[in-house]
Amino acid sequence: MKKWCLLMLIVCILTGCGVQTQDEERLSDLEFTVMDLEKVPEELRNVLEEKKANPFKVTYEDEGYMYICIGYGEQQSSGYSIAVEDLYLTSNAVYVKTELLGPGSKEETAKATTCPYIVLKLENLNKSVVFE
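Not measured: the values here are computed from a predicted model.

Asks: Mind laying out unusual backbone geometry, listing which residues take part and the relevant values?
Replies: Unlike most non-glycine residues, E63 shows phi in positive territory, near 50°. Of note, E63 is situated in the loop between strand 3 (55-62) and strand 4 (65-72). For E63, a relative accessible area of 72% corresponds to the exposed category. The residue N126 is not glycine, and still its phi comes out positive at about 55°. As for its position among the elements, N126 is in the loop between strand 7 (117-123) and strand 8 (128-131).

Asks: Mind laying out the sheet that holds strand 1 (residues 28-29), listing which residues take part and the relevant values?
Replies: Pairing is mixed in the open sheet, where 4 strands are placed in the order 1-5-6-8. The open sheet terminates on both sides in strands that have one partner only, identified here as strand 1 and strand 8. Two elements, strand 6 (residues 93-101) and strand 8, share 4 bridges in a ladder whose sense is parallel. Directly across from Y95, in strand 8, lies its bridge partner V130.

Asks: Give me the lowdown on the environment of G71, citing residues and values where you can.
Replies: Note on placement: G71 falls in strand 4. Under the relative-accessibility criterion, G71 is labelled buried at 5%. Measuring from C-alpha to C-alpha, the distance between G71 and I82 comes to 9.0 Å, with 11 residues separating the pair along the chain. Residues in contact with G71, not counting those within four places in the same chain, are P55, F56, P116 and Y117.

Asks: Outline the sheet that holds strand 2 (residues 33-34), listing residues and values.
Replies: Pairing within the open sheet is antiparallel, and its 4 strands lie in the order 2-7-4-3. With partners counted over all chains shown, the strands left at the sheet margins are strand 2 and strand 3, one partner each. The pairing of strand 2 with strand 7 spans 2 bridges and is antiparallel. Across the sheet, the residue bridging to V34 is L120, located in strand 7. Most of the contacts of helix 2 (residues 42-51) go to strand 3, to which it runs at about 175°, and overall it touches strand 3, strand 4 and strand 7.

Here is what the cut-offs are and how they apply
Residues numbered from 1 in each chain as written. Predicted model: local features only at pLDDT ≥ 70, side-chain atom pairs only at ≥ 80, totals over all residues. Heavy atoms only, no water. Helix = DSSP H or I, 4+ residues; strand = E, 2+ residues; numbered from the N terminus. Buried < 20%, exposed > 50% of the residue type's maximum accessible area, 1.4 Å probe, protein only. Pairing = 2+ DSSP bridges. Contact = heavy atoms within 4.5 Å. Axes fitted to C-alpha atoms, helices over the stretch in contact; angles between N-to-C directions.

Here it is as structure tokens:
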């Protein structure tokens, strides 16, 4: 019995147990538009309003476009912004990486709860989205 288990373990290690790796080779950078809330489809706008208090990652498709939405939840002051670090296409997916930027040390901020999020609009490529 021990030999059989050991044999199965060796077979699994040598075959990789069927684990597939994603092809992450960058095919191209993607063009996008950062959308104002007033210009996003109403259905998506409603979803964003519901989710904005907590961190979220949402995709939405409408009329040939994909919307990638990333929120960072409640922050305790104003002055936050979001930078798009990377947005690119691979053969398997669209990859997106953003970063929350805090207010600058010399920037005046208001002591108010804010909910920073970003909505990116791009051509619908019929690919899944990987948030990095």
